[in-house]
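# Examination of the molecular architecture
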Amino acid sequence: MRRPFALLAAALLTGALAVPASAADGDEEFTIKDPRITESSGLAASRQHPGIYWTHNDSDDGAYLYAVDSATGETVATVTMSGVGSPRDVEAISIGPDDQIYVGDIGDNLGGTWPYVWIYRLPEPKNLRDQTIKATQYVVKYSDGARDAESLVVHPKTGRVYIVDKNEKGGHLYEGPARLSPSGSNTFKPVAAVPDLEATDATLSPDGEHLVVRSYFGAIAYDWNGGKIKKKERLGVPFLGQGESVTYTADGKKLMYGAEGADSPVEPQDAPGGGGSDAPSGSGSSATSDGGGDGLSGNLKTGAIAAGAVLIALFGLRRLMRRGR
C-alpha cells in the first residue's frame, strides 16, 4: 500500500497547490461571444465578481446590460433595467461607490439635437443570473447646449459623475452636480478641455487618480488632479476595428480596450505608470500582503491551507486502513 498511497498523496497535493495566480483577475484578452452583443459600446470591470465585465449595446437594443465572463467570453447574466422607459442611445457604463452601476444614455448621432439625455443608476447584482433590476433615471442637460457624448465616468470615492463630449476637434470634461437628483434636470458644466481626440469612451482608475480618454485610434492619459486634469501621456491602443470602449481592470494594473461588432475582441494594455492598486475590497484585485502578514498571496495561502487539509485527511485514512488489516 505504501507506493499507491504516496502517489495518491502527491496527486492530491499537486492539485491543491495548483491555484492559478491570475485566473480570476480578468486581465487577459477575450472575445465577447454572445450573438446578441453586436455593438458593445462600453465596458466596466465588476467590483463584486472578479473577471466579469459589464457591457451593453449601442442604440436601441433595449434596457439590457450583459455580464461577460472574461475567462470564457460567455454572457453569464443579463440584467433588464426597469423604470427607465426606452433607452435612446446608450454609450457608456461605469461603476461608482457602493457597487452602483451608472449607464450613460448620452449619445446623439444627430450632433447634439436632443434637449436632454439620461443617466441610469442601479446596484450591481450580488448574484449573476438573468434578472430585472429597478434603476433610477436622471435627466441630464449641459450648461452650454446639447451635444453628442459617448464617455461617462464616476469617481470611485466621491461618486460624482463626469461626461466627456465627442467632437472631432476635441471636447471637454463636464462635471455633474455633487449628487444627481431624480427630479428635475441635472446640469453638467465644462471644467477642463480634452483636446486632440474624438472621445469614444473614458475610464477612471480604481484609486481615482488617473483618467484615460480614448478615441477610435488612440488615447490620452491624465492625472486626475481633483478634476482639474493634467495631460500625462499619449497612449497607443490596439486596433480592433471600431474602438468604442475602455476600462481599467479592477486592480488598476491594466486597461481593457473593446470594440463594436459581432464576436468583438477585448485586449489588455499596461496602465500608465504600471497601474494603481487602491482598488476597493471585493474588486478582484490580486494584491499581495501589505507587509503585516507572511507575504503569501491570497491564492498561495488558499493552496497551502488546502494542501494541509489534504495531508491531514490522507494520514487519517492511512491509519484507519492499517487498523482494518
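As shown above, the structure is provided for reference.
Computed from a prediction, not measured in an experiment: that's the story for all the values here.

With that settled, the discussion passes to the sheet that holds strand S11 (residues 149-154). Taken together, the eight strands give an open sheet; going across it, the order is S6-S7-S8-S10-S14-S13-S12-S11, and neighbouring strands pair in mixed fashion. What marks the edges here is a single partner per strand, and that holds for strand S6 (92-96) and S11. On average, each strand axis in the sheet is tilted by 30° relative to the strand beside it, whichever way the strands run. Relative to strand S14 (residues 185-195), strand S13 (residues 170-175) runs antiparallel, the two being bridged by six bridges. The partner of Glu175 across the bridge, within S14, is Lys189.

For the coordinates displayed, the defined rule picks out six salt bridges. A salt bridge links Lys166 to Glu150; its shortest N-O distance comes to 2.9 Å. Of this pair, Lys166 sits in the loop between strand S12 (161-165) and S13 while Glu150 is found in strand S11, placing the two residues 16 residues apart along the sequence. In terms of burial, Lys166 and Glu150 fall into one category: buried. Arg160 is the partner of Glu175 in a salt bridge, and the nearest nitrogen-oxygen pair spans 3.6 Å. Of this pair, Glu175 sits in strand S13 while Arg160 sits in the loop between S11 and S12, placing them 15 residues apart in sequence. Of the residues examined, Arg160 reaches a relative accessible area of 25% and is grouped as partly exposed.

We now examine the side chain of Ser151. Of note, Ser151 is situated in strand S11. Looking at Ser151, the relative accessible area reads 0%, which means it is buried. For Ser151, the side chain forms a polar contact with the main-chain nitrogen of Asp201, separated by 3.0 Å. With residues up to four places along the chain from it excluded, the contact list for Ser151 reads Ala92, Ile106, Tyr162, Ile163, Val164, Ala199, Thr200, Asp201 and Ala202.

A probe as big as a water molecule, rolled over the atoms, marks out the empty space that is left. Reported here for the second largest pocket is a volume of approximately 190 Å³. Considering the residues around the second largest pocket, the lining is formed by 13 residues, among which Tyr102, Arg121, Gly159, Arg179 and Leu180 are closest to the centre. By residue class, the composition of the lining of the second largest pocket is six nonpolar, three polar and four charged.

Here we take up the sheet that holds strand S17 (residues 219-223). Here four strands make up an open sheet; going across it, the order is S15-S16-S17-S18 and the pairing antiparallel. Only two strands of the sheet have a single neighbouring strand rather than two, namely strand S15 (201-204) and strand S18 (230-235). The average undirected angle you get between the axes of adjacent strands in this sheet is 20°. Sheet topology note: the strand S16 (residues 210-214)/S17 ladder contains five bridges and is antiparallel. Residue pairing across strands places Leu211 opposite Tyr222, the latter belonging to S17.

Taken across its six residues, strand S3 (residues 52-57) has six buried, putting it largely inside the fold. Neither face of S3 is left uncovered, since the one carrying Ile52, Trp54 and His56 and the one carrying Tyr53, Thr55 and Asn57 both have all their residues buried. Direction of pairing for strand S2 (residues 40-45) relative to S3: antiparallel, over a ladder of four bridges. Residue pairing across strands places Ala44 opposite Trp54, the latter belonging to S3. Between S2 and S3, which pair antiparallel in sequence order, lie six residues; one of them, Gly51, sits at a positive phi of approximately 85°. Taken together, the four bridges between S3 and strand S4 (residues 64-69) define a ladder with antiparallel strand orientation. The residue bridging Tyr53 from the neighbouring strand is Val68, located in S4.

What follows concerns the pairing of S6. Extensive coverage of S6 is indicated by the burial of five of its five residues. Neither face of S6 is exposed, since Ala92, Ser94 and Gly96 on one face and Ile93 and Ile95 on the opposite face are all buried. Pairing between S6 and strand S7 (residues 100-105): five bridges, direction antiparallel. Along S7, the bridge assignment pairs Gly96 with Gln100. Connecting S6 to the antiparallel partner S7 that follows it, the hairpin turn spans three residues, and Asp98 within it adopts a positive phi of roughly 60°.

The tally for this structure, following the rule as stated, stands at five aromatic pairs. Here Arg88 stacks its cationic end above the ring of Trp114, 3.9 Å away from the centre of that ring. Just above the ring of Tyr142 sits the side chain of Arg147; from NZ or CZ to the centre is 5.8 Å.

Scoring rules and cut-offs
- Residues numbered from 1 in each chain as written.
- Predicted model: local features only at pLDDT ≥ 70, side-chain atom pairs only at ≥ 80, totals over all residues.
- Heavy atoms only, no water.
- Pairing = 2+ DSSP bridges.
- Helix = DSSP H or I, 4+ residues; strand = E, 2+ residues; numbered from the N terminus.
- Axes fitted to C-alpha atoms, helices over the stretch in contact; angles between N-to-C directions.
- Salt bridge = Lys/Arg side-chain N within 4 Å of Asp/Glu carboxyl O.
- Buried < 20%, exposed > 50% of the residue type's maximum accessible area, 1.4 Å probe, protein only.
- Polar contact = N/O pair within 3.5 Å; in protein donor to acceptor, adjacent residues only side chain to side chain.
- Contact = heavy atoms within 4.5 Å.
- 1 Å grid on protein atoms, 1.4 Å probe; cavity = no way out; pocket = protein on both sides within 12 Å on 5 of 7 lines; lining within 4 Å.
- Points joined across faces, edges and corners; volume = space filled by probe spheres on them.
- Nonpolar A, V, L, I, M, F, W, Y, C, P; charged D, E, K, R; others polar.
- Phe/Tyr/Trp six-rings, centres within 6.5 Å; stacked < 30°, edge-to-face > 60°.
- Lys NZ or Arg CZ within 6 Å of the ring centre and 35° of its normal.

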